[in-house]
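# An overview of the molecular structure
Below, each chain spelled out in residue letters.
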Amino acid sequence: MQSLWMLLGAAFFATMGVCVKLGSEHFNSAELVFYRGVVGLVFLAMLAKQQKVSLRTRYPGMHLWRSAIGVSSLSAWFYAIAHLPLATAMTLNYMSSVWIAAFIVGGSLVNWNPQDGRSAWSQGPLALSVIAGFVGVVMMLRPTVEQNQIFAGLIGLMSGFVAAFAYMQVMALGRLGEPEARTVFYFALGTAVAGLIGMGFAGVSEWHWQHAVWLLPVGLFASLGQLCMTRAYSQGATLVVANLQYSGIVFAALYSLLLFGDDIPLIGWAGMALIVVSGMTATLLRARAAPNAPAEEH
């Protein structure tokens with residue numbers, strides 16, 4: 001059942017990406033972020049009440065910082081979805097696992113002491129998975145990103161980088177005993193506030209009900225995806241479940257082909273596959289440093 005919950009969660013996040021891409025034709029990124037936050041806020045408030053989880057926290061500063069990082073990643077991802085093939089934008093966001101591995105490798109090298117008896121190459125396999133991930137990015141972006149999409153590609157890559165910081169903050173809150181429902185609730189609150197502020201600068205698009213129909217599913221599918229992932233991790237972050245999150249890239253690739261007719265050359269698909277393999281390898285190796293880690297958000 002854990003595996004099925006993770007597959008379902010990955011499908012929900014990929015479907016959210018479809019709604020974001022369709023909605024981005026009529027609404028700016030700030031509006032999409034706002035409505036994603038508002039719908040998630042209502043959904044998670046109801047979930048917290050059902051689970052009898054108090055929304056009071058002793059760590060407002062940490063939640064504020066986590067929300068600020070998470071909103072930055074989410075906004076960058078939504079922008080990438082609007083301007084890139086869905087499969088490409090989805091894969092770049094899932095680079096967060098590779099970035100986390102890069103942080104672990106960097107920390108190990110900075111703190112390495114020859115007197116500890118550990119080899120300087122102890123993180124060698126993890127470092128190789130990081131290198132493979134970036135090779136995959138080069139393979140994927142070169143053939144699939146046109147000249148006018150280079151900026152969007154860099155923004156998409158940044159979304160995965162910032163998501164890695166957000167994930168590490170979620171882990172820190174988890175160690176302090178914060179329930180995930182509370183953590184995700186404050187993230188939704190921060191998303192709604194940040195989207196509202198962004199709308200003050202980017203403006204508000206003209207409202208048409210036939211276009212606005214895509215706004216509700218953005219928040220709904222995101223909340224359902226997070227709920228499914230939380231259920232999948234509820235009995236411990238098994239490696240099989242953790243790696244099944246990459247099925248979201250497969251779902252996004254199918255949507256790209258069937259709904260949007262995106263033309264991605266063979267080398268682009270090979271780059272995606274390399275990123276998936278490197279991400280799964282990084283997840284396996286980093287599990288030693290962070291066992292039973294919480295679900296990653298997308």
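This write-up is about the structure you can find in this document. Everything numeric here is computed off the predicted structure, so don't read it as measured data. (Residues numbered from 1 in each chain as written. Predicted model: local features only at pLDDT ≥ 70, side-chain atom pairs only at ≥ 80, totals over all residues. Heavy atoms only, no water.)

## Quick word on the overall build of the protein chain
Keep this limit in mind: Put simply, DSSP H or I for four residues or longer makes a helix, DSSP E for two residues or longer makes a strand, and each gets a number counted from the N terminus. Note on exposure labels: buried denotes an accessible area under 20% of the residue type's maximum, exposed denotes more than 50%, and partly exposed covers the range between, all computed with a 1.4 Å probe on protein chains only. Contacts are assigned to residue pairs with any non-hydrogen atoms lying within 4.5 Å of each other. Only the protein chains shown count as cover for residues, and all accessible areas are computed by the Shrake-Rupley method using a 1.4 Å probe.
Looking only at helices and strands, one finds 13 helices and zero strands in the protein chain. Ordered by position from the N terminus, the helices and strands of the protein chain form the series α-α-α-α-α-α-α-α-α-α-α-α-α. Across the 298 residues in the protein chain, those meeting the buried criterion constitute 51%. Residue pairs at least 24 apart in sequence account for 90% of intrachain contacts in the protein chain once pairs closer than 6 positions are excluded. For the protein chain, the exposed area adds up to about 13,900 Å²; of that, 68% sits on carbon and sulfur atoms.

## Quick word on the packing of aromatic side chains
The relative placement of two aromatic rings is captured by the distance of their centres and the angle of their planes. To be explicit about the condition: Ring pairs are drawn from Phe, Tyr and Trp, using the six-membered ring of Trp, whenever the two centres fall within 6.5 Å, and their geometry is named by plane angle: stacked under 30 degrees, edge-to-face over 60, tilted for the rest. Working rule: Lys NZ or Arg CZ, within 6 Å of ring centre, within 35 degrees of ring normal, means a charge sits over the ring.
This structure, assessed with the given rule, holds eleven aromatic pairs. Seen from their ring centres, W77 and F78 are 6.3 Å apart, and the 45° between their planes marks the pair as tilted. Each member of the pair, W77 together with F78, is buried. Consider the rings of Y94 and Y246, whose centres lie 5.9 Å apart with planes at 50°: the pair is tilted. In this pair, Y94 is assigned in the loop between α4 (86–93) and α5 (96–110) and Y246 in the loop between α11 (239–244) and α12 (247–258), connecting sequence segments 152 residues apart. Judged on exposure class, the residue Y94 and its partner Y246 are both buried. Members of the aromatic cluster, joined through ring pairs, are F27, F34, Y35, W207 and W209. Sitting over the ring of F187, R66 keeps its end group 4.2 Å from the ring centre.

## As for the packing of helix α3 (residues 60–83) against α4
So the rule is basically this: The convention used is that axes are lines fitted to C-alpha atoms, helices contributing only their stretch in contact, and that angles between N-to-C directions extend from 0 to 180 degrees. Should an angle fall under 35 degrees it is called roughly parallel, over 145 degrees roughly antiparallel, and 65 to 115 degrees roughly perpendicular, with every other angle called oblique. Crossing handedness is defined as follows: a turn of the near helix away from the far one that is anticlockwise and smaller than a right angle gives a left-handed crossing, while the clockwise case is right-handed.
Axis separation between α3 and α4 bottoms out at 8 Å; the angle between their running directions is 155°. Judged on the interaxial angle alone, α4 and α3 are roughly antiparallel. α3 and α4 meet at a crossing whose hand is right-handed. Here S73, W77, A80 and I81 of α3 come into contact with α4, specifically with L86, A89, M90 and N93.

## Quick look at helix α8 (residues 180–202)
The line we're drawing: Each helix should span, by expectation, one fewer than its residue count multiplied by 1.5 Å.
Between the first and last C-alpha of α8 there are 32 Å, a value that for 23 residues agrees with the 33 Å anticipated at 1.5 Å per step. Of the residues trailing α8, G203 is marked for its positive phi of about 90°.

## A look at unusual backbone geometry
A positive phi angle, close to 55°, is found at K52, a residue other than glycine. Checked against the element boundaries, K52 lands in the loop between α2 (29–50) and α3. By relative accessible area, K52 is classed as exposed at 78%.

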